[in-house]
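Okay, here's what each chain looks like letter by letter:
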Amino acid sequence: MVNLRYSTVQEIDEHHETLYNTFRAGTCRPLDYRRAQLHKLARMCQENADALADALFADLGKPKVEVFAFEVGQIVKRSLLCAEKLAEWAAPEKVNTPDWQKPWNSTLIKAPKGPVLIISPWNYPIMLSLQPLYAAIAAGCPAIVKPSELAPTYAQLLADLVPKYLDPKTYAVVNGAVPETTKLLELRWAHIFYTGNGRVGRIVATAAAKHLTPCSLELGGKSPVIVDAAYDMDIAAARILFGKANNAGQTCVAPDYVLIPRSAQDTLIAALERVYAERYPDGALASASYGRIVNATHFGRLTELLARSKGRRVLGGETDEARLKIAPTVLADVTTDDALLEEELFGPILPIVPVADIDEAIEIVNSRDSPLAFYAFTEQAEVKQKLVERTLSGSLIFNETFDQLAVIELPFSGVGESGYGYHVMKYGFDGFTHLRSSMDVPKESEELFATRYAPYTDEKLEKVSKDVFLNIPLS
């Protein structure tokens, strides 16, 4: 086990002061500087790809394919794309105004907010620490990254690599646990980006409120899957099991539970059994293509939930406490008051809740907090429209799971209990950017302002009253 060195209070204060000095000096404003730092971030990941994969294997047992596909490769590609798009994103925008205001040169300036704090989780430690970092770099904001101490090998590697590649006066890594994070939250930031759970999210938001600091909170929740009885069950099973088994179910957008008409439950279970046998012919616990649970605490939480569930176990369920392994586990005939429906599972457990029809499924989803993701397998247009109009979630994905994260043109965000604030590529850039309204009003506009100056007269009142008496349609 790696020896993770925690940052001292003095180091945290020094980093904070340095970042503010850097920002005030304008060091990170020039686009050439930002572009160079984005290239260095991409190079850091590319040149240390094997070391990063080894770190995630040590911390999570994560297969190299998953690390390269969903983390390292994505950061390299997205950092380079940000650098390529930077001039377009950062360019001032002229706004379209009425003709009489056009001489005022009304403009939106894309201003960096200032030093930002990024607090990232352990489950996708590379992606969820460096994705907000590339956005901060692109926006011209200095940043401190606080990775999770529950992924210590990666956290220490990141602390070692960042000052070798990025400007240490602008970007820093702080390591530690609750005391170090608490210290960070006592300080003033221009923006805080937190990824994790709702309990800690409330702590972050409360601390931020003391300084009126805006936040992005990427939280989680129980992301449901609705399966239409008429849908191809083999396709549904293949895609649901992928979303659940990836990273051993420790994904904020993993399918959490399935709602399916009672008549189709056994058909889906049979399809899941076939897919499982194809992907893990010797069982998931023996497969090099399957990860493990992050630590003994989470292993115990998951096995305790399984023990409390009254669902009927129909697939998987094998465990290996010594290696912190739990095979993908499917339970049927689960009721809405079951232990597995109490909280976000964040593990390789998939309860199936049989319902009478799609309408009952929607009622169950709507009785709960708005989820981060909502999956539905259906080809019926009326069912899709019903879900669009009658439900609310961070994202609504038809006939797939997980891979909405691969579409960089779409924002990632929760709603309500699943969080707020958009990110990914330009949406991340926008999140760390202040849209600064600007005008440059020429002297020649002075005659337009005559009616606003005292003394007020009936003639001036008549001129300014036209908007008050605009025609309003009856419907």
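In this text the structure is predicted, and so the values were computed from the model without any measurement.

Conventions and cut-offs
Residues numbered from 1 in each chain as written. Predicted model: local features only at pLDDT ≥ 70, side-chain atom pairs only at ≥ 80, totals over all residues. Heavy atoms only, no water. Helix = DSSP H or I, 4+ residues; strand = E, 2+ residues; numbered from the N terminus. Buried < 20%, exposed > 50% of the residue type's maximum accessible area, 1.4 Å probe, protein only. Contact = heavy atoms within 4.5 Å. Areas by Shrake-Rupley, 256 points an atom, 1.4 Å probe, with all protein chains shown as cover. Lys, Arg positive; Asp, Glu negative; His and termini not counted. Charge placed at Lys NZ, Arg CZ, Asp CG, Glu CD. Axes fitted to C-alpha atoms, helices over the stretch in contact; angles between N-to-C directions. Parallel < 35°, antiparallel > 145°, perpendicular 65-115°, else oblique. Nonpolar A, V, L, I, M, F, W, Y, C, P; charged D, E, K, R; others polar. Phe/Tyr/Trp six-rings, centres within 6.5 Å; stacked < 30°, edge-to-face > 60°. Pairing = 2+ DSSP bridges. Left-handed = near helix turned anticlockwise from the far one by under 90°. Disulfide = S-S within 2.5 Å. Polar contact = N/O pair within 3.5 Å; in protein donor to acceptor, adjacent residues only side chain to side chain. Expected span 1.5 Å × (residues − 1).

**Looking at the overall build of the protein**
Logical step 1: Counting its regular elements, the protein contains 15 helices and 18 strands.
Logical step 2: With respect to the principal axes defined by its C-alpha atoms, the protein has extents near 85 × 65 × 35 Å.
Logical step 3: When the 475 residues of the protein are sorted by exposure, 54% land in the buried category.
Logical step 4: Partitioning the contacts of the protein with sequence separation of at least 6, the portion at a separation of at least 24 is 73%.
Logical step 5: Just so you have it, the protein exposes about 21,800 Å², and 54% of that area is on carbon and sulfur atoms.
Logical step 6: Here the protein holds 49 positive side-chain charges and 60 negative ones, and the gap between their average locations is 5 Å.

**As for the packing of helix 3 (residues 49-60) against helix 6 (residues 152-165)**
Logical step 1: Where helix 3 meets helix 6, the closest approach of the two axes is 7 Å, and the angle between their N-to-C directions is 150°. In terms of orientation, helix 3 and helix 6 fall into the roughly antiparallel class. Contact residues: helix 3 offers Ala51, Leu52, Ala55, Leu56, Ala58 and Asp59, while helix 6 offers Pro152, Thr153, Tyr154 and Leu157.
Logical step 2: Here the contact of helix 3 with helix 6 is built from residues that sort into eight nonpolar, one polar and one charged.

**Remarks on the packing of aromatic side chains**
Logical step 1: Within the structure shown, the criterion is met by 12 aromatic pairs.
Logical step 2: An angle of 50° between the planes, with centres 5.7 Å apart, marks the rings of tryptophan 89 and phenylalanine 429 as tilted. In this pair, tryptophan 89 is assigned in helix 4 (residues 64-90) and phenylalanine 429 in helix 14 (residues 426-431), connecting sequence segments 340 residues apart. Each of the two residues, tryptophan 89 as well as phenylalanine 429, counts as buried.
Logical step 3: A ring pair is formed by phenylalanine 193 and phenylalanine 432, whose centres lie 6.2 Å apart and whose planes are at 50°; its orientation type is tilted. Here phenylalanine 193, found in strand 6 (residues 191-195), pairs with phenylalanine 432, found in the loop between helix 14 and strand 18 (433-438); they are 239 residues apart in sequence, far enough to count as distant. An identical accessibility class is assigned to phenylalanine 193 and phenylalanine 432; each is buried.

**Examining the sheet that holds strand 14 (residues 349-355)**
Logical step 1: In spatial order, the strands read 10-13-14-9-8-15-16; together these seven strands make up an open sheet with mixed pairing. Every other strand in the sheet has two partners, leaving strand 10 (312-315) and strand 16 (395-398) as the edge strands with one partner each. Neighbouring strand axes in the sheet, compared pairwise and without regard to direction, differ in orientation by 25° on average.
Logical step 2: Where strand 13 (residues 329-332) lies against strand 14, three bridges are found, and the strand directions are parallel. The residue bridging leucine 331 from the neighbouring strand is proline 351, located in strand 14.

**Quick notes on the packing of helix 2 (residues 31-47) against helix 5 (residues 125-139)**
Logical step 1: Their axes nearest at 8 Å, the elements helix 2 and helix 5 cross at an angle of 160°. What the angle tells us is that helix 2 and helix 5 run roughly antiparallel. In this structure, the crossing between helix 2 and helix 5 has a hand that is right-handed. Residue-level contacts link Arg34, Gln37, Leu38, Leu41, Met44 and Cys45 of helix 2 to Leu130, Leu133, Tyr134, Ile137, Ala138 and Ala139 of helix 5.
Logical step 2: Among the residues making up the contact of helix 2 with helix 5, the classes are represented as 10 nonpolar, one polar and one charged.

**Details of the sheet that holds strand 3 (residues 116-119)**
Logical step 1: Here six strands make up an open sheet; going across it, the order is 5-4-3-6-7-17 and the pairing mixed. Every other strand in the sheet has two partners, leaving strand 5 (171-173) and strand 17 (419-420) as the edge strands with one partner each.
Logical step 2: Pairing analysis gives four bridges linking strand 6 to strand 7 (residues 215-218), with the strands arranged parallel. Bridge pairing links threonine 195 to glutamate 218 in strand 7.
Logical step 3: Strands strand 3, strand 4 (143-146) and strand 6 of the sheet are contacted by helix 7 (residues 178-186), whose axis makes an angle of about 155° with strand 3.
Logical step 4: The strands that helix 8 (residues 198-209) touches are strand 3, strand 6, strand 7 and strand 17; relative to strand 7, the one it contacts most, it runs at about 180°.

**Considering the pairing of strand 8 (residues 224-227)**
Logical step 1: Neither face of strand 8 is left uncovered, since the one carrying Pro224 and Ile226 and the one carrying Val225 and Val227 both have all their residues buried.
Logical step 2: By the bridge criterion, three bridges tie strand 8 to strand 9 (residues 257-261) in an arrangement that is parallel. Residue pairing for strand 9: isoleucine 226 is matched across the bridge by leucine 259.
Logical step 3: Across three bridges, strand 8 lies against strand 15 (residues 373-377) in parallel orientation. Bridging from a neighbouring strand, valine 227 pairs with phenylalanine 377 of strand 15.

**Some details on the state of the cysteines**
Logical step 1: Taken as a whole, this structure holds zero disulfides when the rule is applied.
Logical step 2: Not engaged in a disulfide, the cysteine cysteine 28 finds its nearest cysteine sulfur in cysteine 141; these two sulfurs lie 7.1 Å apart.
Logical step 3: The structure places no disulfide on cysteine 45, whose sulfur is separated from the nearest cysteine sulfur, that of cysteine 82, by 13 Å.
Logical step 4: Its relative accessible area of 0% is what places cysteine 45 among the buried residues.

**A look at the side chain of serine 418**
Logical step 1: As for its placement among the helices and strands, serine 418 is situated in the loop between strand 16 and strand 17.
Logical step 2: At 3.2 Å, the side chain of serine 418 forms a polar contact with the backbone oxygen of serine 370.
Logical step 3: Once residues within four sequence positions are removed from consideration, serine 418 is found in contact with Leu217, Glu218, Leu219, Gly220, Ser370, Pro371 and Leu372.

**Quick word on helix 9 (residues 233-245)**
Logical step 1: With 13 residues, helix 9 extends 18 Å between its outermost C-alpha atoms, agreeing within 8% with the 18 Å of an ideal straight helix rising 1.5 Å per residue.
Logical step 2: Of all the positions in helix 9, only Met233, Ala236, Ala237, Ile240, Leu241, Gly243, Lys244 and Ala245 are classed as buried.
Logical step 3: Taken together, the buried residues of helix 9 touch strand 8, strand 9, helix 10 (265-279), strand 14 and strand 15.
Logical step 4: Asparagine 247 sits one or two positions beyond helix 9 and adopts a positive phi of about 55°.

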